[in-house]
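The chain contents come next:
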Amino acid sequence: SPYYHHHYIMSSLNDIVSQLETCVTNQDVDSGKSLLPQVKVSFLTAPEHTALAAQGLECGALLTLMEGDLEAFSRLVALLLPYYHNNQGASSTTTAKQHLIVGLHLMQLLVEHRLSEFHALLEILNEKLVSTEACLSYPVGLERQLMVGLYDEIMSTPIPHASYQFFVNHYLEQTVRDNIADGMEVSYQELTVSEAAQRMKFATLPELQSYVQEHRPDWIWMENPGSEAVLSFAPVDTTVTAADIGADDWIQQSLQYATEMERIV
Amino acid sequence: MGKDEDKKEDTTMADATKVEEKTEEEAEKEAVVVPPLEAAALRLEKSLGAYQSSEKDASSYSYYSNPAKVVRRWLSTSSGASGQATLEDISQAAQALLDPATTTKLELLVTSTAMTTEDDTTPPTYLKAAAIQVQTWLLSLKARLLWRAKDTTAAVNLCQEGILLIMTTLEQATNSTSASVSSLFPLNARLWRWLALATEEGAVLRVDMAKAHNMALLRRDVDTAATLLNCMLRDLLQNSQVEQAQKLLSNSTFPETASNNQLCRFLYYSGRIQALRLEYTSSYSNLSQSLRKAPTNTALGFRIAAQRLLVVVQLLMGEIPERPVFFTAGMKQELEPYLLITQAVRRGDLAVFTKVVSEQKERLQADETYTLISRLAHQVVKAGLRKLQVSYSRLSLQDVADRLGLASAQQAEFVVAKAVRDGVLDATLHPKEGYVQSHDLVNVYATKEPAEAFHRRIAYCLTTHNDAVRAMRYPPDAYKKQLEASRGNRRRRGGEDKTDEEKAAELEDELDEDY
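Residues numbered from 1 in each chain as written. Chains lettered and ligands numbered in written order. Predicted model: local features only at pLDDT ≥ 70, side-chain atom pairs only at ≥ 80, totals over all residues. Heavy atoms only, no water.

Q: A description of the overall build of chain B should follow, citing residues and the corresponding values.
A: A count of helical and extended segments in chain B gives 26 helices and 3 strands. Counting across all 515 residues of chain B, residues that qualify as buried make up 43%. Partitioning the intrachain contacts of chain B with sequence separation of at least 6 by distance along the chain shows that 64% fall at a separation of at least 24. Summed over all atoms, the accessible surface of chain B reaches about 28,800 Å², with 52% contributed by carbon and sulfur. (Helix = DSSP H or I, 4+ residues; strand = E, 2+ residues; numbered from the N terminus. Buried < 20%, exposed > 50% of the residue type's maximum accessible area, 1.4 Å probe, protein only. Contact = heavy atoms within 4.5 Å. Areas by Shrake-Rupley, 256 points an atom, 1.4 Å probe, with all protein chains shown as cover.)

Shown next as structure tokens:
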């Protein structure tokens, strides 16, 4: 009978979701992944169970992050975002983990440099929530800090949830470090290695050395007998060549003017 | 009052028909006042009636080759009358003008029971040519009044009935009555607009609007298509669906022959969408165009909204708006918070800027510009750094931090380094001594900057010129007639000259590759 069927699905879905929650707590990615397909099916086909299925999907999303699979994370978020938007009502919160998932999605957009989508998503979110919920205010503040260049603030702001660590580890440190290095390269003529290490937040000098060798081949590491080694940045090549005049643009512009003038005359 | 008005109208009609037989004493009768709604309706009847009669007389061209244009012009001239109408006026006009025998759903307009005048000497003259048009016009007026009175369900109902009426008329139209078909287009647009404003069920209406928009494009109904596009954009923006609005924008084209007001609205919505998506340059050009095309004497609310957004976009692009802009007549109070924010940005002090923004937060949220203003943080820093670079050749990092409202010298160092990398300023940092040294200013005329600036202005002037040339429209048929006559002469002489149009078309084909 349909009642029994509905009840059966409900109870089994309940079991699955609670199992998923346990997987998340234990960071057990593999068993979580095997449970996920059933939750996806219920989410899409059984409209009366969507609330429960959404919770399951959220657990799945957290598991994908633990594994580092950003594509799977995007797919799950693409299912969840419209659900949040349609079922918000007055309270603007549907599930317990809603803000966490949205905040993680914002982080993803930020590190993938999809800034227009980042801002478009911010538009839809409720203003008050963004300032009060730590999960949401963290990415927003992060974007501001990256734009202005307040790198020391980035490193010192605490992350609101353990799952943000993924983004911090894999992208943020690298991005921030690259940004700082780029800035250093054009604004300083030379720096002592200890200062360089301190700015780029390297704990030890050998780390700095390996970074320089790997990513910055044009920096010159000069050993100074008797005092500290100095990092010297290659001077900017200021010789102007013929290619720098940018004649192509000017030729094209002049041709445009000529054709337009012919039309008028 | 009703009876008197009916009587007066009958008398006026009687005067008009009996003008040859008028005696002196009738001529001495004082001029009676025709209620403005009915006067307007009678004017339309005259214009459309003239067209219909000339349509049968096919050999002569009438001026009104475009009934939609007639109706549009008439709508603007009768706006005074319609602006002052009350529900009763509408009801009276409906009774007086619309034939109960042929008009469906007359009860929507007529509120009171039929009034009979005792000495009803002449039968009321009903409209023939303009019946449907006037009926839908009166429906739209009534809907507007109801909406203003916050009776939204009734307004929505009226609009839907009106649209249904127009749709059935269009379906039943045959080729011979094509005049009345296109003359309904502007009225259809109006009804859709009031429907979109009055309805509260936005999501359901979106589907209907999209379908109606498609049909309008198929019918070449420029008014309805433009109006519906603007209504859909407005609806999406109000629900903050920026990505969807962008998709709608990219998939649709705004008809070029739509009215100026619709174009202004379209440019405003496009500008807003682009500003939200970080495309500031195109947003700026759209918004300034919208302001330029907006009417100068009316529509103050629209101009304020557009000006507000323009100021914000200018700030986001890194330019400081001019001071007189904030003191335009009628806008001073509305733009005051933006003046404060602009001053904070100019100072370049991040701490002051944050303070001003948090003070004005509610105002900005009400204006829906808060999210845009919050992006200004790095512009503040840029402006501050540029000021410092221009005024000091060497400045200690601690001073930089103080002036920019940053937390420490270390932070100032990072910020300056990033700014140098972004190309905002040209400087070198000396960390040991703790100062930043700016390089000598490069002679700007030695770079490409002036040429670029000139090119932007030249391109704009050329585009305007081309648009103006294309917009010079002669009545195409009249031109062709003359051309045929002259070409006939030339053909006899045996030359093969191309018309100017064809020459221009050739030139355009050649040049299309370059652009």
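Q: Please give an account of the pattern of salt bridges that cites residues and values.
A: Scanning the model with the defined rule gives 16 salt bridges over all chains in all. A salt bridge links Glu117(A) to Arg114(A), with the nearest nitrogen and oxygen atoms 3.0 Å apart. (Salt bridge = Lys/Arg side-chain N within 4 Å of Asp/Glu carboxyl O.)

Q: Break down the interface of chain B and chain A for me, with residues and values.
A: Opposite the 46 residues of chain B that make contact, chain A presents 44 residues. Summing the contributions of chain B and of chain A, the shared interface buries around 4,200 Å²; its carbon and sulfur component is 57%. Our enumeration of links across chain B and chain A arrives at 1 salt bridge. Here Asp182(A) and Arg421(B) are joined by a salt bridge, their closest N and O atoms 3.8 Å apart. At the junction of chain B and chain A, the tally comes to 6 residue pairs in polar contact (both at pLDDT 80 or more). Here the side of chain B that touches chain A takes 9 residues from helix H23 (residues 409-422) of chain B, the largest share from any one element. (Buried area = accessible area lost by both parts, 1.4 Å probe. Polar contact = N/O pair within 3.5 Å; in protein donor to acceptor, adjacent residues only side chain to side chain.)

Q: Pulling in residues and values, what's your account of the pairing of strand E3 (residues 230-233) of chain A?
A: Residue and element names in this part refer to chain A. Where burial is concerned, the two faces of E3 agree: the one with Val230 and Ser232 and the one with Leu231 and Phe233 are both buried. Taken together, the 3 bridges between strand E1 (residues 190-192) and E3 define a ladder with antiparallel strand orientation. Each residue of the ladder has a partner; that of Thr192, found in E3, is Val230. Note: strand E2 (residues 219-222) against E3, 4 bridges, orientation antiparallel. Residue Met222 lies in a different strand from E3, and its bridge partner there is Val230. (Pairing = 2+ DSSP bridges.)

Q: Just give me the short version of the environment of Asp99(B), but keep the residues and values in it.
A: Residues and elements named next belong to chain B. Looking at where Asp99 falls in the secondary structure, it is placed in the loop between helix H6 (87-97) and helix H7 (131-148). Looking at Asp99, the relative accessible area reads 23%, which means it is partly exposed. Between the C-alpha atom of Asp99 and that of Glu359, which follows or precedes it by 260 residues, the distance is 61 Å.

Q: Give me a positive patch on the surface: which residues, what numbers.
A: Side chains of Arg323(B), Arg346(B), Arg347(B) and Lys387(B) sit close together on the surface and give a patch of like positive charge. Looking at the secondary structure, you find Arg347(B) in helix H17 (residues 336-347). (Patch = residues over 30% accessible without salt bridge, like charges linked within 9 Å, V, L, I, M, F, W, Y side chains within 5 Å. Lys, Arg positive; Asp, Glu negative; His and termini not counted. Charge placed at Lys NZ, Arg CZ, Asp CG, Glu CD.)

Q: If you had to explain the sheet that holds E1(A) to someone new, which residues and values would you point to?
A: Residue and element names in this part refer to chain A. Taken in spatial order, the 3 strands line up as E1-E3-E2 in an open sheet, and their pairing is antiparallel. Here the strands that pair on one side only, and so sit at the sheet edges, are E1 and E2. Neighbour to neighbour, the strand axes of the sheet diverge by 25° on average, direction disregarded. (Axes fitted to C-alpha atoms, helices over the stretch in contact; angles between N-to-C directions.)

Q: An account of the confidence of the model for chain B is requested, with residue identities and associated values reported.
A: Residue and element names in this part refer to chain B. Chain-level pLDDT for chain B is 75 on average; 73% of the residues reach the 70-or-more range. Of all helices and strands in chain B, the one with the weakest mean pLDDT is helix H2 (residues 24-27) (41), whereas helix H14 (residues 260-276) scores best (91). Predicted confidence for residues 113-122 stays below pLDDT 50, and this span has 11 contacts to residues more than four positions away or in other chains. Interface confidence for the predicted complex, expressed as ipTM, amounts to 0.72; the pTM equals 0.72. (pLDDT = per-residue confidence, 0-100.)

Q: Help me get a handle on the sheet that holds strand E1 (residues 394-396) of chain B, residues and values and all.
A: Residue and element names in this part refer to chain B. One open sheet accounts for 3 strands, arranged E1-E3-E2; its pairing is antiparallel. Lying at the two open borders of the sheet, with one neighbouring strand each, are E1 and strand E2 (427-430). Neighbour-to-neighbour, the strand axes of this sheet turn through a mean angle of 20°, independent of strand direction. Relative to strand E3 (residues 435-438), E2 runs antiparallel, the two being bridged by 4 bridges.

Q: Tell me about the side chain of Ser163(A), residues and numbers included.
A: Residues and elements named next belong to chain A. Take Ser163: it is sitting in the loop between helix H9 (151-156) and helix H10 (165-187). A distance of 2.6 Å separates polar atoms of two side chains, one belonging to Ser163 and the other to His161. If we ignore the near neighbours within four places in the chain, the residues touching Ser163 are Leu62, Leu65, Leu100 and Leu104.

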